[in-house]
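Chains, contacts and geometry: an overview
Residues per chain are reported as follows:
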Amino acid sequence: MSLKINSMLLLFAISTTAFGNVKRISLEEMYKQNNPSKKFTEDLKKKTLEQKQDAVPTLINVMKKSEFPDSNRWIATYMLGKIMGTKSAPFIAKFAEHPNWMLRLASLKVLLHLNQKQYSDIYVKLLNDNSLIVRHQALQNIKEMQLKELAPHVWKMLFNKENYHGTKGSRVRGHIIKSVIKVVGDLEYKKAAKPMLKMISNKKYKDIFAELDYSLNKLTDKKSPKGSLSVKKHFWSREAIKTSKI
């Protein structure tokens, strides 16, 4: 009987010790764990929020050091913005220059979340980033924050060969070009209307016809009629003739 009681006490002691170790795991140690599960991510965010301002030194350390998993450095960037709000923007903006594309991307996303319009120079620079996903996010930042003064830089993306696939003479427009065309319309860049009218009449641009139609509706204050591609194309052809006479 005493042996059974002793065994139970031993198991209780072991479980209590184990539980205590879990409780004693520091926030930094949690950020070192490479665990992609949804539960771990939720626990990590929860523990970070519980510490509030006390978590800030750890978050900064995680962002700075490559010994932490990239996914956790992403979370740290996001949580720093959540805890400190706009006060974190100057520090987070520095990571737009980071060699790791994921941290550049995280920086852009948090700056957008914080509605940081003053970092237009960063957004312009990253429109030409060597990472397609970073270029796309920079484009989204400009669109969502309606930075209309940056529209000429968005337009220039049409001439960046990195946004195309294939070699010279046989290049194919990447999907990002479709986004560029639409964002030019969203930013109301009127100077693009004339060249777009020429493009939409050219069969060479058939693959981006829908996007050109979308933007021309915004840039010319005219709406193409409902119907087939040929009906819309005829409408814009007439508009192009009218414009050329002005």
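These remarks concern the structure in this document.

In this structure, Tyr31, Tyr123, Val154, Val184 and Met196 are the most contacted members of the largest nonpolar core, which totals 67 residues. It is helix H11 (residues 175–186) that contributes the most residues to this core, 6 residues altogether. If we ignore the near neighbours within four places in the chain, the residues touching valine 154 are Leu127, Leu139, Ile142, Val180, Val183, Val184 and Leu187.

Our next topic: the side chain of serine 224. Positionally, serine 224 belongs in the loop between helix H13 (209–219) and helix H14 (229–245). Using a relative accessible area of 5% as the deciding quantity, one classes serine 224 as buried. Of the polar contacts made by the side chain of serine 224, one reaches the side chain of aspartate 213; its length is 2.7 Å. At 3.1 Å, the side chain of serine 224 and the side chain of lysine 232 are in polar contact. In contact with serine 224, other than residues within four places in its own chain, are Asp213, Asn217, Lys232, Phe235 and Trp236.

Our next topic: the layout of surface pockets. Reported here for the second largest pocket is a volume of approximately 220 Å³. If you go around the second largest pocket, the residues you meet are Trp155, Leu158, Phe159, Tyr164, Arg171, Arg173, Ile177, Met199, Lys204, Tyr205 and Ile208. Of the residues that constitute the lining of the second largest pocket, the class distribution is 8 nonpolar, no polar and 3 charged.

A full pass over the atoms with the stated rule returns 11 salt bridges. In this structure, the salt-bridge partner of lysine 32 is glutamate 67, at a minimum N-O distance of 3.9 Å. Of this pair, lysine 32 sits in helix H2 (residues 27–32) while glutamate 67 sits in the loop between helix H4 (56–64) and helix H5 (70–84), and the two are 35 residues apart along the sequence. The class for lysine 32 is partly exposed, based on a relative accessible area of 40%. Exposure remark for glutamate 67: the relative accessible area of 51% places this residue in the exposed category.

For the rest of this paragraph, the subject is the environment of isoleucine 142. The residue isoleucine 142 is located in helix H9 (residues 132–144) in this model. For isoleucine 142, a relative accessible area of 0% gives the class buried. The sequence separation of isoleucine 142 and lysine 117 amounts to 25 residues, and the corresponding C-alpha distance is 8.4 Å. When sequence neighbours within four positions are dropped, the list of residues in contact with isoleucine 142 reads Tyr123, Leu127, Leu147, Leu150, Val154 and Leu187.

Cut-offs and rules
Residues numbered from 1 in each chain as written. Predicted model: local features only at pLDDT ≥ 70, side-chain atom pairs only at ≥ 80, totals over all residues. Heavy atoms only, no water. Core = buried A, V, L, I, M, F, W, Y, C linked by side-chain atoms within 4.5 Å. Buried < 20%, exposed > 50% of the residue type's maximum accessible area, 1.4 Å probe, protein only. Helix = DSSP H or I, 4+ residues; strand = E, 2+ residues; numbered from the N terminus. Contact = heavy atoms within 4.5 Å. Polar contact = N/O pair within 3.5 Å; in protein donor to acceptor, adjacent residues only side chain to side chain. 1 Å grid on protein atoms, 1.4 Å probe; cavity = no way out; pocket = protein on both sides within 12 Å on 5 of 7 lines; lining within 4 Å. Points joined across faces, edges and corners; volume = space filled by probe spheres on them. Nonpolar A, V, L, I, M, F, W, Y, C, P; charged D, E, K, R; others polar. Salt bridge = Lys/Arg side-chain N within 4 Å of Asp/Glu carboxyl O.

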